Amino acid sequence: MNRLSDTASASPLTNPLLLVMVLAAFTSVLNNSMVNVAIPTISTHLDVSPSLSGWVITAFSIVFATGVALYGRVSDSYSFRVTFLAALVIFGVGSLTCALAPSFGWLVAGRAIQAAGAAAIPSLAFGSVARLFPPGKRGVVFGTLSSAIGLGAATGPLIGGLGVSAFGWRVLFYGTLAVIGLLFVAAWRFLPDLNAQRERQPHRFARLDLPGGLLLALGAATLLFGVTAANHSGLAAPQSWGALLLSATMIGGFVWRIRTAAHPFAPPRLFANRQFLSAAAIALLSQAAFIGGGLFLTPLLLINQLGLTAFQTGLVVAPGAIAVALLAPTIGRLSDKFGPRAVLGISLTWLLFGLLFMSSFAVGASPWMVAIALVIASIGYAGVTSPAANAASKALSPEIAGVGFGIYQLFFFMGAGTGAAVFGSVLSARQQSAGAALNPLYEGGLATAAFSDAYLVACIAVLLAMTLLVGLGRSEPARADPA
């Protein structure tokens, strides 16, 4: 099949394409969330320090951010089906490398290979929705994909904890490999070739503009590395400011490239489209606040301050993730009916209230108060992911849906990485100062005051996102240059 009709089913139970995409999105998030809880066991088994073991996560994040935009651009010119199948093969090779890793270096290399394949899933999944469904029907599908992502985040810590306890950490990668094998068979059978006509167009390789894509990818990767290094070593460390300077140079080179290349990686007018930039920035800030702030800070609070185990922490976090999984499809449908801006305004307010409740009352209280705060914030976050993607899709024409959503997803995942580093730095700085909390509503002790301040900074990120709602008006879709 080359194209689904405009009346194609929005349910993965009756639409094989969506079923493959939903399962792929679920697997990619499940893989990462399972590994998070296995880090202590991995560091002990491979005899590495806790700080060094963090590279199991960092290597995945950097390569993932590098690849997500590149896959989107490739899918605009080459076979969607072949691109997705090739990405699954790379994902599988990385999983097998991790499962058989004889040393920590091999494990980190395997995680990087995993990310090189997994990076295709979000950009291709969301990009295919923008191509195959008309405006007014996309929100519910984006919500279904977001639901799969939330379900993967919810079940990952529990499945990972049980798997590691029963069979060891390697079983996580063997399990991922088995699921990827099933996905490959399903994708081979059901995925459409969306670019059958473009396959015959001349100069396809030149139209990819790999130099431009590499400049963008390396700029994003060095930015994430620089922010992460600044969190661990301080901004004055050479690896921190050096990486940030290199990132600015790469991004500047990318801007120059898309303005001068005959076939730019992305049309310059995409970055002049107010609706697309507003939606992408809202996604970045909300992702930073909730994932980089709420879900990164909360395990540290529960384990280091409240004395919970990793499994107990997973039980506290799970209700919020389940709320995302349950609500995302319904909220996506509402964004189709009432428009993304109205739904985003209400959802960001919920997210702000949840994080403010965490900063003011839940920090320093019992775990069930933390769970309530996370559920409130999760309800807000569930109402941000699919409407923001829906708003971005309205600014993209079909011929650049792949690269457009690749860049959108780059913003989205950069938010999580930079948010964790920024709020982690705030937490460390406030712990060193050992002062009272800046939040006047906070009534807890000094031991958890630094966490209150870190959550308060996350609230500022949500407020900034709310100011960008004015940019979600009616703008014409960005299109590829006539050349």
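What counts and how
- Residues numbered from 1 in each chain as written.
- Predicted model: local features only at pLDDT ≥ 70, side-chain atom pairs only at ≥ 80, totals over all residues.
- Heavy atoms only, no water.
- Helix = DSSP H or I, 4+ residues; strand = E, 2+ residues; numbered from the N terminus.
- Rg over C-alpha atoms; globule rule 2.2 N^0.38 Å.
- Buried < 20%, exposed > 50% of the residue type's maximum accessible area, 1.4 Å probe, protein only.
- Contact = heavy atoms within 4.5 Å.
- Areas by Shrake-Rupley, 256 points an atom, 1.4 Å probe, with all protein chains shown as cover.
- Lys, Arg positive; Asp, Glu negative; His and termini not counted.
- Charge placed at Lys NZ, Arg CZ, Asp CG, Glu CD.
- Patch = residues over 30% accessible without salt bridge, like charges linked within 9 Å, V, L, I, M, F, W, Y side chains within 5 Å.
- Salt bridge = Lys/Arg side-chain N within 4 Å of Asp/Glu carboxyl O.
- Expected span 1.5 Å × (residues − 1).
- Phe/Tyr/Trp six-rings, centres within 6.5 Å; stacked < 30°, edge-to-face > 60°.
- Core = buried A, V, L, I, M, F, W, Y, C linked by side-chain atoms within 4.5 Å.
- Polar contact = N/O pair within 3.5 Å; in protein donor to acceptor, adjacent residues only side chain to side chain.
- Axes fitted to C-alpha atoms, helices over the stretch in contact; angles between N-to-C directions.
- Left-handed = near helix turned anticlockwise from the far one by under 90°.
- Nonpolar A, V, L, I, M, F, W, Y, C, P; charged D, E, K, R; others polar.
- pLDDT = per-residue confidence, 0-100.

1. A short note on the overall build of the protein
Helices and strands together make up the secondary structure of the protein, namely 17 helices and 0 strands. Expected size for 483 residues packed as a compact globule is a radius of gyration near 23 Å; at 21 Å, the protein falls within 12% of this value. Considering only C-alpha atoms, the protein reaches an extent of 65 × 50 × 50 Å along its principal axes. In the protein, which comprises 483 residues, the proportion classed as buried is 55%. The contacts in the protein between residues at least 6 apart in sequence include a share of 82% that link residues at least 24 apart. Split by element, the accessible area of the protein, about 19,300 Å² in all, is 70% carbon and sulfur. Side-chain charges of the protein comprise 24 positive and 12 negative groups, with the mean position of each set lying 6 Å from the other.

2. Some words on a nonpolar patch on the surface
A grouping of Val89, Ile90, Val93 and Ile113 is seen on the molecular surface, where their side chains present a nonpolar patch of about 270 Å² in accessible area. Per element, the largest residue contribution to the nonpolar patch is 3 residues, and it comes from helix H4 (residues 80–100). For valine 89, the position within the fold is in helix H4.

3. What to know about helix H17 (residues 449–467)
If you check H17, its first and last C-alpha atoms are 28 Å apart, about what 19 residues at 1.5 Å a residue would give, namely 27 Å. Against the buried residues of H17 lie helix H12 (274–305), helix H14 (340–362) and helix H16 (401–433).

4. Notes on the environment of leucine 132
With respect to the element layout, leucine 132 can be found in helix H6 (residues 120–132). Here leucine 132 falls in the buried class, since its relative accessible area comes to 1%. The sequence separation of leucine 132 and leucine 352 amounts to 220 residues, and the corresponding C-alpha distance is 34 Å.

5. Quick word on the packing of aromatic side chains
Within the structure shown, the criterion is met by 9 aromatic pairs. Ring geometry for phenylalanine 184 against tryptophan 188: centres 6.1 Å apart, planes inclined by 35 degrees, an arrangement best described as tilted. Taken together, the positions of phenylalanine 184 and tryptophan 188, both in helix H8 (residues 170–190) and 4 residues apart, correspond to about one turn of that helix. Seen from their ring centres, phenylalanine 254 and phenylalanine 265 are 6.4 Å apart, and the 75 degrees between their planes marks the pair as edge-to-face. You can see phenylalanine 254 sitting in helix H11 (residues 238–260) and its partner phenylalanine 265 sitting in the loop between H11 and H12, a full 11 residues away along the chain. Like phenylalanine 265, phenylalanine 254 is buried.

6. Details of the nonpolar core
Grouped together as the largest cluster of nonpolar side chains are 115 residues, with contacts concentrated most on Phe84 and Tyr408. At 13 residues, helix H15 (residues 367–393) tops the list of elements feeding residues into this core. Apart from residues no more than four positions distant in its own chain, tyrosine 408 is found in contact with Phe276, Ala279, Ala280, Ala283, Thr385, Ala388, Ala389 and Ala392. One finds Ile42, Ala99, Phe104 and Leu107 within the second-largest nonpolar core, a separate group that totals 20 residues.

7. Some details on the side chain of threonine 448
Mapped onto the secondary structure, threonine 448 falls in the loop between H16 and H17. One polar contact links threonine 448 to tyrosine 442, side chain to side chain, over a distance of 2.5 Å. Once you skip the residues sitting within four places of it in the chain, threonine 448 turns out to touch Leu301, Gln305, Val363, Gly364 and Tyr442.

8. Brief notes about the packing of H16 against H17
It is at 8 Å that the axes of H16 and H17 come closest, and there the two elements cross at 145 degrees. Both H16 and H17 take part in a crossing whose hand is right-handed. Along its contact with H16, which presents Phe423, Val426, Leu427, Arg430 and Gln431, the element H17 presents Ala450, Phe451, Asp453, Ala454, Val457, Ala458 and Ala461. Of the residues in the contact of H16 with H17, the class split is 9 nonpolar, 1 polar and 2 charged.

9. A word on H11
Between the first and last C-alpha of H11 there are 32 Å, a value that for 23 residues agrees with the 33 Å anticipated at 1.5 Å per step. Among the residues of H11, those classed as buried are Ser240, Ala243, Ser247, Met250, Gly253, Phe254 and Ile258. On its buried face, H11 is in contact with helix H10 (210–233).

10. A short note on the environment of valine 179
Structurally, the position occupied by valine 179 is in helix H8. Considering only alpha carbons, one finds valine 179 and alanine 24, 155 residues apart in sequence, at a separation of 9.0 Å.

11. Notes on the confidence of the model for the protein
On average, residues of the protein carry a pLDDT of 82, and 90% of them reach 70 or more. Averaged pLDDT values over the elements of the protein bottom out at 60 in helix H9 (residues 204–208) and peak at 94 in H14. Contacts of residues 1–7 to residues separated by more than four positions or lying in other chains number 17 contacts, the stretch itself having pLDDT below 50.

12. Side note on the pattern of salt bridges
Applying the stated rule across the entire model yields 1 salt bridge. In this structure, arginine 430 engages aspartate 453 in a salt bridge whose closest nitrogen and oxygen atoms are separated by 2.5 Å. Note that arginine 430 is positioned in helix H16 and aspartate 453 in helix H17, a separation of 23 residues in sequence.

13. Quick look at the environment of alanine 261
Tracing the backbone through its elements, the reader meets alanine 261 in the loop between H11 and H12. A sequence separation of 32 residues divides alanine 261 from alanine 229, and the C-alpha atoms of the two residues are 33 Å apart.

14. Things to note about the side chain of threonine 222
In this structure, threonine 222 sits in helix H10. The exposure class of threonine 222 is buried, given its relative accessible area of 16%. With residues up to four places along the chain from it excluded, the contact list for threonine 222 reads Ala243, Leu246 and Ser247.

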